[in-house]
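Chain by chain, the residues run as shown.
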Amino acid sequence: MSEKKESVLHGAKKGLKSRKAAGGEHWLKYGIAFFLVVVLGFGLEYFCNVPVLKRQNRGIREISMDTVIAEGFTRTEEGFLLTEDVGKLTIALDGAYVDRFVYSFAYDYLLNLKAYICYYNAYGEADPGQDLLLEDFNPRCVDSSSLKIGKKTESIVLSVDRALLEGLEKEDGKEMSPLLFTGFSVENVPAFNWYRLGFFWVVLGLGAFFWLFRGYLGRHVEAGFLAVCLSVGILMIYALPVNKIGYDEEVHLYRVMGLASFPQGMNINQTIFNFMQPSVDTWPKNQPGSAMEQQALREYLNENSDYKTGSIFVDADMPAMTIASYLPMALVMKLCKGFSLPWGIMFTLGKLGNLLVYGLLMYEAIKRTPVGKVMMSIIGLLPSSLFMACTYSYDPWVMGWLYLGAACFLKELLTPEKKISLASYGGMLVCFLLGCSAKAVYAPVVLIMLLLPAGKFKDERQKWLMRAGIVLLFLGLMASFVLPVLIAPKATGDARGGATSEVGQMSYVLGHFFGYLQILFYNIFANLPKMVFGKDIFSIQGHLADSPYTWFAMGLVAYTVITDTRTTAQTELKLWQKFWIFLMLGASVLLVWTSMYIAYTVPGQVVIAGVQGRYYLPILYLLYLLVNSRLVVAHMKNMWYHTGVLAASAGLLLTTMWMTVIVPMCM
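Model, not experiment: these values are computed from the prediction. (Residues numbered from 1 in each chain as written. Predicted model: local features only at pLDDT ≥ 70, side-chain atom pairs only at ≥ 80, totals over all residues. Heavy atoms only, no water.)

What to know about the environment of E293
For step 1, the next point in the chain: Note that E293 resides in helix α7 (residues 291-304).
For step 2, the next point in the chain: A relative accessible area of 1% means that E293 is categorised as buried.
For step 3, the next point in the chain: Along the sequence, E293 and G95 sit 198 residues apart, while their C-alpha atoms lie 26 Å from each other.
For step 4, the next point in the chain: Once residues within four sequence positions are removed from consideration, E293 is found in contact with N138, V142, S144, S145, S146, Q287 and P288. (Helix = DSSP H or I, 4+ residues; strand = E, 2+ residues; numbered from the N terminus. Buried < 20%, exposed > 50% of the residue type's maximum accessible area, 1.4 Å probe, protein only. Contact = heavy atoms within 4.5 Å.)

If you want it as structure tokens, here you go:
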């Protein structure tokens, strides 16, 4: 063998050894990071238990009924029965440390009460002027409540007002059901809170991920999006109560269960049926307020739910165009049914199908688009966006497919020198079809494909055939939305009740068309700021508390829209192309407001009801792209730019979850 060949072979072997050594170092580094995340998470959880561990009065102390002072209640053998319209129970604790106060009760409806806690101040004195007021809204399916206090407490007063009690008994014309308090206790018991521990792990894990993979994220921002989306999303699904928490979630659950039970139909009992219609069992204002209450609700549902041999048979009826949007959740439900999992677990796991598909669709969209990758990532990680992906909803499906279709379109439009393939053309049509099938109000977005220049097609025949396909898809989607209302308007609009009427509203629209246009444009422009750049689109989380950090979301989005000028395309959108896209987005907005005017607004009203910021999310990326320009350039390496923005998004999501889910529902 020649010396030259020996030298080459030696160099190759040396390079291979070097790569293997580097790979080994990386895996060692990842292993150490994983170990530290796990250990530090346990350490933080232990630290949270220190205030209880250092107390002398640890354990559970039952409070004697003889020490409770009652007003408006009558003492019975079982406990304290409310006999007046207003009642108060005063529990004296004489300055004892109270980590958690627990009371049990028997009541057939929704127990809402106020708890006044008089605790010791920093001087170790009782300070009535600093009383802590807790409003406790209990679900119907639990019979005890846990109040987190964590202070030395002088006394606790539970106040109940019959006039404020929520329930359906008044609507049903029934007698007010008896309210009985059956026990009180102070629990100073250290225990690992798995919701809180999971939160710590996600925070630490994402921190390690951003640091270790900052170089990779500089080249693949979509990977960072997926990591944040799935880690925070899975934690949220786990932490959210087994209850209605998202808008119209009972309707979406009904359809998901219908698909999961196809073709036999659902054989369910009353407990599950109540979850598929507005009911006192799932009243969204009354959610579990602690980990203990969450566990009690889940156990109740596991014990009392029958989704296979129940006496109620339901053959789900749903619009054919929406079926595809429910398939991911239905497939997970189908698997859960096959393994005969308890209903409480199945209800939670079904949401994973929604989150996974949303994450993958947005990942592909961010990966494919040549412009606005970071902008699309930020929109996809807004509190409102991720919340919907963690509930039963078809909005994430609509948003994901429309963003993927827009990404594929921009990739074709901004590479005019490359001919469009049949697969690419068909892929865009499929994306827009799937995205608009559940909500045809976005059908005008399909027409942005008409911007594809003549040079993209191999000949005139292909150009006109493909453009005809675009127009036919648009007309078909519009027909599915408009024709049913024009041909056979319903006597009622909103199926959930109220004085709405498609027939009545259409008579106003057609009989006073210019008056209707005036109402339409006034409502659109009056609500435009908050709908496209404010709380309504950034922070609303269904029936959950809104994110308190709208100001941060606004700053983050504005920063991204201004600075995300990086592109992999050789050209940029021209002014006339932006104008056409703007017109199509505007047409979608008109359809959104018109649909809610016809179906959700009482005939003759001048204020259009029911329109929410989430309806703008599927078009928000294209809208922001229109105002994005290269006048401002962020001179920062992608490694730091991508990582910094993603870390800020993760911080927004996690602080929002801590304030709206973990603390009020899981502690």
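Description of the state of the cysteines
For step 1, the next point in the chain: For the structure shown, the criterion picks out 0 disulfides.
For step 2, the next point in the chain: Free of any disulfide, C436 has its nearest neighbouring cysteine sulfur in C431, separated by 11 Å.
For step 3, the next point in the chain: Look at C436 and you get buried, because its relative accessible area is 0%. (Disulfide = S-S within 2.5 Å.)

Section: the layout of surface pockets
For step 1, the next point in the chain: Within this model, the second largest pocket holds a volume of roughly 650 Å³.
For step 2, the next point in the chain: Lining the second largest pocket are 29 residues, with E135, D136, G289, P664 and M665 sitting closest to its centre.
For step 3, the next point in the chain: The set of elements that each furnish at least two residues to the lining of the second largest pocket consists of β7 (132-137), β8 (144-161) and α21 (638-666).
For step 4, the next point in the chain: Grouping the amino acids of the lining of the second largest pocket by side-chain chemistry returns 15 nonpolar, 7 polar and 7 charged. (1 Å grid on protein atoms, 1.4 Å probe; cavity = no way out; pocket = protein on both sides within 12 Å on 5 of 7 lines; lining within 4 Å. Points joined across faces, edges and corners; volume = space filled by probe spheres on them. Nonpolar A, V, L, I, M, F, W, Y, C, P; charged D, E, K, R; others polar.)

Concerning the environment of I379
For step 1, the next point in the chain: By the secondary structure assignment, I379 is in helix α10 (residues 373-380).
For step 2, the next point in the chain: Owing to a relative accessible area of 1%, I379 belongs among the buried residues under this scheme.
For step 3, the next point in the chain: Excluding residues that lie within four positions of it along the chain, I379 makes contacts with S385, M399, Y403, L617, L620, Y621 and Y624.

Things to note about the packing of aromatic side chains
For step 1, the next point in the chain: Under the criterion given, the structure shown has 33 aromatic pairs.
For step 2, the next point in the chain: Ring geometry for Y30 and F213: centres 5.1 Å apart, planes at 25°, overall stacked. With Y30 in helix α1 (residues 3-53) and F213 in the loop between α2 (194-212) and α3 (214-219), this pair connects stretches of sequence that are 183 residues apart.
For step 3, the next point in the chain: A relative accessible area of 24% places Y30 in the partly exposed class.
For step 4, the next point in the chain: Residue F213 is classed as partly exposed on the basis of its relative accessible area, which comes to 26%.
For step 5, the next point in the chain: Between W397 and W401, the ring centres sit 5.6 Å apart and the planes meet at 65°, which makes this aromatic pair edge-to-face. Here the residue W397 and the residue W401 both occupy positions in helix α12 (residues 395-413), the gap between them amounting to 4 residues, near one helical turn.
For step 6, the next point in the chain: The exposure class of W401 is buried, given its relative accessible area of 15%. (Phe/Tyr/Trp six-rings, centres within 6.5 Å; stacked < 30°, edge-to-face > 60°.)

Quick look at the side chain of E250
For step 1, the next point in the chain: Tracing the backbone shows E250 in helix α5 (residues 249-260).
For step 2, the next point in the chain: A residue is classified by how much of its surface remains accessible, and E250, at 3% relative accessible area, is buried.
For step 3, the next point in the chain: Those residues in contact with E250, other than ones at most four positions away along the chain, are K244, F275, M276, Q277 and P278.

Details of α7
For step 1, the next point in the chain: If you check α7, its first and last C-alpha atoms are 20 Å apart, about what 14 residues at 1.5 Å a residue would give, namely 20 Å.
For step 2, the next point in the chain: Listing the buried residues of α7 in full gives E293, Q294, L297, R298 and L301. Taken down its axis, α7 places every buried residue within 135° of arc, on the same side.
For step 3, the next point in the chain: Buried positions along α7 lie against β8, α2, α4 (221-239), α6 (270-273), α9 (343-368) and α21. (Expected span 1.5 Å × (residues − 1). Arc of directions from axis to C-beta.)

Things to note about the pairing of β8
For step 1, the next point in the chain: Pairing geometry for strand β5 (residues 86-106) and β8, over 15 bridges, is antiparallel. Directly across from S104, in β8, lies its bridge partner S144. (Pairing = 2+ DSSP bridges.)

Considerations on unusual backbone geometry
For step 1, the next point in the chain: A cis amide bond, omega 5°, links F262 with the succeeding residue P263.
For step 2, the next point in the chain: Assignment of secondary structure puts P263 in the loop between α5 and β10 (266-268).
For step 3, the next point in the chain: Positive phi outside glycine occurs at S340, with the angle close to 55°.
For step 4, the next point in the chain: Judged by relative accessible area, which is 45%, S340 ranks as partly exposed.

Notes on empty space enclosed by the protein
For step 1, the next point in the chain: Across all of its chains, the model carries 4 cavities of 30 Å³ or more by this definition.
For step 2, the next point in the chain: By volume, the largest cavity is sized at about 180 Å³.
For step 3, the next point in the chain: In terms of lining, the largest cavity is formed by 16 residues, of which the most central are V371, E572, L625, N628 and R630.
For step 4, the next point in the chain: Partitioned by chemical class, the residues of the lining of the largest cavity number 5 nonpolar, 6 polar and 5 charged.
For step 5, the next point in the chain: Estimated volume of the second largest cavity: approximately 120 Å³.
For step 6, the next point in the chain: Forming the walls of the second largest cavity are 13 residues, and the residues nearest its centre are Y247, F387, M388, G542 and R614.
For step 7, the next point in the chain: Among the residues making up the lining of the second largest cavity, the classes are represented as 4 nonpolar, 6 polar and 3 charged.

As for the side chain of N527
For step 1, the next point in the chain: Tracing the backbone shows N527 in helix α16 (residues 513-532).
For step 2, the next point in the chain: In this structure N527 comes out as buried when scored by relative accessible area, which is 17%.
For step 3, the next point in the chain: Within the structure, the side chain of N527 is placed 3.4 Å from the side chain of K530, a separation counted as a polar contact. (Polar contact = N/O pair within 3.5 Å; in protein donor to acceptor, adjacent residues only side chain to side chain.)

Re the nonpolar core
A general tendency of soluble globular proteins is for nonpolar side chains to be buried together.
For step 1, the next point in the chain: Formed by 190 residues in total, the largest nonpolar core has its most connected members in F101, L158, F181 and F184.
For step 2, the next point in the chain: The contacts of L158, once residues within four sequence positions are left out, are G87, K88, L89, I91, F101, Y103, L113, K114, A115, F181 and F184. (Core = buried A, V, L, I, M, F, W, Y, C linked by side-chain atoms within 4.5 Å.)

What about the pattern of salt bridges?
For step 1, the next point in the chain: With the rule as written, the count across this model stands at 12 salt bridges.
For step 2, the next point in the chain: The salt bridge partner of K463 is E460, with a shortest N-O separation of 3.1 Å. Of this pair, K463 and E460 both sit in helix α14 (residues 460-487), 3 residues apart, roughly one helical turn.
For step 3, the next point in the chain: The class for K463 is buried, based on a relative accessible area of 9%.
For step 4, the next point in the chain: Salt bridges sharing common partners tie together D248, D395, K439 and R614. (Salt bridge = Lys/Arg side-chain N within 4 Å of Asp/Glu carboxyl O.)

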